[in-house]
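Letter by letter, the chains look like this.
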Amino acid sequence: MLESLRSFGHLRSVDAAALTVEAVIATGNVARDQMVIDPAGWDFSNYRRTPVVLWSHNAMAVPVARTIGEVQAGPNELRATAEFDREDPEAVRLFGKVARGYVNATSVRWLPKRSEIRALPVEGGGERDTIVFVEQELLEWSFVAIPSDPGAMILRADGSGFDVEAAMREARGEGAIKPAAEDARELADAISTLITGD
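Before going into details, it helps to say that this report is about the structure given with it. (Residues numbered from 1 in each chain as written. Predicted model: local features only at pLDDT ≥ 70, side-chain atom pairs only at ≥ 80, totals over all residues. Heavy atoms only, no water.)

The residue Val 134 is located in strand S9 (residues 127-144) in this model. As a C-alpha pair, Val 134 and Ala 40 span 94 residues in sequence and 7.5 Å in three-dimensional space. Those residues within four positions of Val 134 in sequence are excluded, and the remaining contacts are Asp 38, Gly 41, Arg 114, Ser 115, Glu 116 and Arg 118. (Helix = DSSP H or I, 4+ residues; strand = E, 2+ residues; numbered from the N terminus. Contact = heavy atoms within 4.5 Å.)

Written out as structure tokens, the structure reads:
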């Protein structure tokens with residue numbers, strides 16, 4: 001079963017006066033685990049209703065920022081601008097970590113909707129079967145401290161490893177693909193509760 005996943009990005013610019021950060025939050029590059037997220041396949045419809053930005057994907061904590069403007073899907077990247085909550089001392093403190101360069105990376109949590117196997121060129125010639133996620137829903141994005149672990153480019157939302165071979169079998173139709181709708185609903189409810197206080 002495909003579950004909600006994470007993928008890492010990086011910062012573009014920081015505006016200390018406005019407490020905003022523009023970031024590339026995902027790309028369409030082949031990740032180190034040989035998977036691709038197609039930038040044209042993003043669904044932001046639910047995210048627009050609760051455009052939260054978390055710290056290290058902690059959905060149980062109050063969001064530290066919100067996305068302002070639209071999330072932009074370019075030819076090979078997903079960009080967003082976070083506005084930190086200047087009325088929240090913890091959010092201001094965390095913004096300082098970003099502004100001073102102690103935290104330089106972002107990560108998206110997303111729910112795969114449809115994937116396929118494509119033979120993509122590899123460095124040095126030839127091709128390799130690659131999982132390409134062609135439709136996916138953005139659940140949230142976060143500022144993260146450690147994006148450079150080669151095994152952490154694509155992770156399950158709970159932080160555990162992602163079984164590439166099992167996903168390849170499912171994408172080939174060798175196993176039933178079931179969306180993690182219940183997990184996504186629970187996350188959306190938790191985020192909504194954090195925002196509204198209900």
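Glancing now at the environment of Ser 56. Structurally, the position occupied by Ser 56 is in the loop between strand S5 (52-55) and strand S6 (65-73). Judged by relative accessible area, Ser 56 falls into the partly exposed class, the value being 41%. When the C-alpha atoms of Ser 56 and Trp 141 are compared, they prove to be 8.7 Å apart, with 85 residues separating the residues in sequence. Apart from residues lying up to four places away in sequence, Ser 56 is in contact with Ser 142, Phe 143 and Val 144. (Buried < 20%, exposed > 50% of the residue type's maximum accessible area, 1.4 Å probe, protein only.)

As a further point, take the packing of aromatic side chains. We describe a pair of aromatic rings using the distance from one ring centre to the other and the angle between the two ring planes. Scanning the entire structure with this criterion turns up 7 aromatic pairs. Pairing Trp 110 with Phe 133 gives two aromatic rings, centres 4.8 Å apart and planes at 75°, and the pair type is edge-to-face. In this pair, Trp 110 is assigned in strand S8 (residues 105-121) and Phe 133 in strand S9, connecting sequence segments 23 residues apart. There is no split in this pair, since Trp 110 and Phe 133 are both buried. Note on Trp 141 and Phe 143: the rings are 5.3 Å apart at their centroids and 50° apart in plane angle, and the pair reads as tilted. Both residues of the pair, Trp 141 and Phe 143, count as buried. Put simply, the rings of Trp 55, Phe 84, Phe 95, Trp 141 and Phe 143 pair up and form one aromatic cluster. Here the guanidinium or amino end of Lys 97 rests over the ring plane of Tyr 102, the centre of that ring lying 5.4 Å away. (Phe/Tyr/Trp six-rings, centres within 6.5 Å; stacked < 30°, edge-to-face > 60°. Lys NZ or Arg CZ within 6 Å of the ring centre and 35° of its normal.)

With that out of the way, let us pick up the pattern of salt bridges. According to the stated counting rule, one finds 9 salt bridges in the structure shown. A salt bridge links Glu 70 to Arg 48, with the nearest nitrogen and oxygen atoms 2.9 Å apart. Residue Glu 70 is located in strand S6, and its partner Arg 48 is located in the loop between strand S4 (42-43) and S5; the two are separated by 22 residues in the primary sequence. Look at Glu 70 and you get partly exposed, because its relative accessible area is 44%. Residue Glu 90 is joined to Arg 93 by a salt bridge in which the shortest nitrogen-to-oxygen separation is 2.7 Å. With a gap of 3 residues between them, Glu 90 and Arg 93 both fall in helix H1 (residues 89-99), about one helical turn apart. In this structure Glu 90 comes out as partly exposed when scored by relative accessible area, which is 38%. Looking at Arg 93, the relative accessible area reads 43%, which means it is partly exposed. (Salt bridge = Lys/Arg side-chain N within 4 Å of Asp/Glu carboxyl O.)

Glancing now at the side chain of Glu 140. Among the structural elements, Glu 140 can be located in strand S9. Polar contacts involving the side chain of Glu 140 include one to the side chain of His 57, which spans 2.3 Å. Here Ser 142 takes part through its side chain, which lies 2.8 Å from a polar atom of the side chain of Glu 140. (Polar contact = N/O pair within 3.5 Å; in protein donor to acceptor, adjacent residues only side chain to side chain.)

Take the nonpolar core next. The biggest cluster of nonpolar side chains holds 30 residues, and the ones touching the most others in it are Ile 25, Trp 42, Val 71, Phe 84, Val 108, Trp 141 and Phe 143. For this core, the secondary-structure elements that each account for two or more residues are strand S2 (20-27), strand S3 (35-37), S6, strand S7 (77-84), H1, S8 and S9. No other element matches the 5 residues that S9 contributes to this core. (Core = buried A, V, L, I, M, F, W, Y, C linked by side-chain atoms within 4.5 Å.)

Alignment of S8 against S9, held across 16 bridges, turns out to be antiparallel. If you follow Arg 109 over to S9, its bridge partner there is Glu 140. Two successive antiparallel strands, S8 and S9, enclose a turn made up of 5 residues, where Gly 124 displays a positive phi of approximately 90°. (Pairing = 2+ DSSP bridges.)

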